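Close look at the chain arrangement
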Amino acid sequence: MFEGEMASLTAILKTNTVRVPKPIKVLDAPGGGSVLVMEHVDMRHLSSHAAKLGAQLADLHLENKKHGETLLKEAGTVGRGGGQEERPFVDRFGFDVVTCCGCLPQVNDWQEDWVVFFARQRIQPQMDMVEKESGDREALQLWSALQLKIPDLFRDLEITPALLHGDLWGGNVAEDDSGPVIFDPASFYGHSEYELAIAGMFGGFSNSFYSAYHGKIPRAPGFEKRLQLYQLFHYLNHWNHFGSGYRGSSLSIMRNLVK
């Protein structure tokens, strides 16, 4: 869990877009367990820097695409500076290490296709846990029907892999005097819209945050339905963490999407 968090913080830090606490080291704790040591940041509730966070989060999501465009331009330039190829453009979906959303590990194996990645490596593992724990027949039937519908939600949509925080709810954002801070990430390269799913589920983000974000990354056609699909992952994840109180929300989304 901590190694995944450290890799996530390191990856976000390298983009020079939005601030995260600098990770220092993962240590074995006396008596068992582990400790993640990171920079101390004197944080408070996000308020005056909400719009700045929206803009910086969009910058984070656009960074890989812009980096790829820069590398492409430099490839045709004679005499460009050395060391430019140290960090390659990421053209697949996934992450180099396992990360945890809550306490459950996520499969981050690299995939060429986003729909395949999301269905197989986000929703399917959650459904497998539901099946193992409760054998919920309605959930399994709805998931079978929904799998056939998912590709339609992405028709004519070009998705460039974006580095995501991965668990951006209101409890994982804050600010200090210098600006916004995000923490406790579960990062991977995915679809930028995925990031906004849990942000919209539990509140904590103002209109100024969304306005600033969508000023740089406008909503694409079909955004609202895909947002429901991405929220399904988080409702299932909460179901598997906290129990069947999240069953109704999970099934409701699946029913809406299979209509």
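The present account deals with the structure reproduced in this document. (Residues numbered from 1 in each chain as written. Predicted model: local features only at pLDDT ≥ 70, side-chain atom pairs only at ≥ 80, totals over all residues. Heavy atoms only, no water.)

**Notes on the packing of aromatic side chains**
As a reminder, the rule being used: Working definition: a ring pair exists when centres of Phe, Tyr or Trp rings (six-membered ring for Trp) sit within 6.5 Å. Plane angles under 30 degrees give stacked, over 60 give edge-to-face, the rest tilted. Only when the NZ of Lys or the CZ of Arg is both within 6 Å of the ring centre and within 35 degrees of the ring normal is a charge said to sit over the ring.
For the structure shown, the criterion picks out 18 aromatic pairs. Consider the rings of Phe 188 and Tyr 194, whose centres lie 5.2 Å apart with planes at 75°: the pair is edge-to-face. Taken together, Phe 93, Trp 114, Phe 117, Phe 118, Phe 154, Phe 188, Tyr 194, Tyr 230 and Phe 233 form an aromatic cluster joined through their ring pairs. Above the ring of Phe 188, the side-chain terminus of Arg 122 is found at 4.3 Å from the ring centroid.

**A look at the packing of helix 2 (residues 50–75) against helix 6 (residues 207–216)**
Quick note on the threshold: An axis is simply a line fitted to the C-alpha atoms; with a helix, the fit covers only the stretch in contact. Between two such axes, the angle follows the N-to-C directions and lies from 0 to 180 degrees. Elements are defined by DSSP. Helices are runs of H or I of four residues or more, strands are runs of E of two residues or more, and each kind is numbered from the N terminus. Roughly parallel here means an angle under 35 degrees, roughly antiparallel means over 145, roughly perpendicular means 65 to 115, and every remaining angle is called oblique. Working rule for handedness: look at the near helix, and if it is turned counterclockwise from the far one by less than a right angle, call the crossing left-handed; if clockwise, right-handed. Any two residues whose heavy atoms approach within 4.5 Å at even a single point are treated as in contact.
Two numbers describe how helix 2 lies on helix 6: the axes approach to 7 Å, and their chain directions differ by 30°. In terms of orientation, helix 2 lies roughly parallel with respect to helix 6. Considering only the axes of helix 2 and helix 6, their crossing is right-handed. Facing helix 2, whose interface residues are Ala 50, Ala 51, Leu 53, Gly 54, Ala 55, Leu 57, Ala 58, Asp 59, His 61 and Leu 62, helix 6 presents Ser 208, Phe 209, Ala 212, Tyr 213 and Lys 216.

**Quick look at empty space enclosed by the protein**
Note the following rule: Cavities and pockets are defined on a 1 Å grid built over the protein atoms alone: a cavity is a set of grid points where a 1.4 Å probe fits but cannot escape, while a pocket is an open set with protein on both sides within 12 Å along at least five of seven lines, and lining residues are those with an atom within 4 Å of any such point. Grid points are joined across faces, edges and corners, and a volume is the space filled by probe spheres set on the points. Residues are sorted three ways: Asp, Glu, Lys and Arg are charged, Ala, Val, Leu, Ile, Met, Phe, Trp, Tyr, Cys and Pro are nonpolar, and all the rest, Gly among them, are polar.
Summed over the entire model, instances satisfying the criterion amount to one cavity of 30 Å³ or more. Approximately 50 Å³ is the volume found for the largest cavity. Considering the residues around the largest cavity, the lining is formed by Pro 105, Gln 106, Val 107, Gln 121, Arg 122, Pro 125, Gln 126, Met 129 and Phe 233. Those elements that provide at least two residues to the lining of the largest cavity are strand 4 (104–106) and helix 3 (114–134). Per-element accounting of the lining of the largest cavity gives the leading share, five residues, to helix 3. Considered class by class, the residues forming the lining of the largest cavity number five nonpolar, three polar and one charged.

**Section: unusual backbone geometry**
Convention followed: Categorising residues by exposure relies on relative accessible area from a 1.4 Å probe, with only protein chains included: less than 20% of the type maximum marks a residue as buried, more than 50% marks it as exposed, and the intermediate range marks it as partly exposed.
With phi around 55°, Asn 16 is a residue other than glycine that occupies positive phi space. Mapped onto the fold, Asn 16 is located in the loop between helix 1 (2–14) and strand 1 (23–28). Note on Asn 16: relative accessible area 71%, which makes it exposed. Located in the positive-phi region is Asp 156, a residue other than glycine, with phi close to 65°. Within the element layout of this structure, Asp 156 appears in the loop between helix 4 (137–149) and strand 5 (162–164).

**Details of helix 7 (residues 223–242)**
The test is simple: Each helix should span, by expectation, one fewer than its residue count multiplied by 1.5 Å.
Taking 1.5 Å of rise per residue, 20 residues should cover 28 Å, and helix 7 covers 28 Å from first to last C-alpha, within 8% of that figure. Burial runs high along helix 7: 14 of the 20 residues are buried.

**Focus: the environment of Pro 21**
Note on placement: Pro 21 falls in the loop between helix 1 and strand 1. Considering only alpha carbons, one finds Pro 21 and Val 173, 152 residues apart in sequence, at a separation of 11 Å. Those residues in contact with Pro 21, other than ones at most four positions away along the chain, are Leu 9, Met 38, Glu 39, Val 41, Val 181, Ile 182 and Phe 183.

Function-wise, these values are silent; they only describe arrangement.
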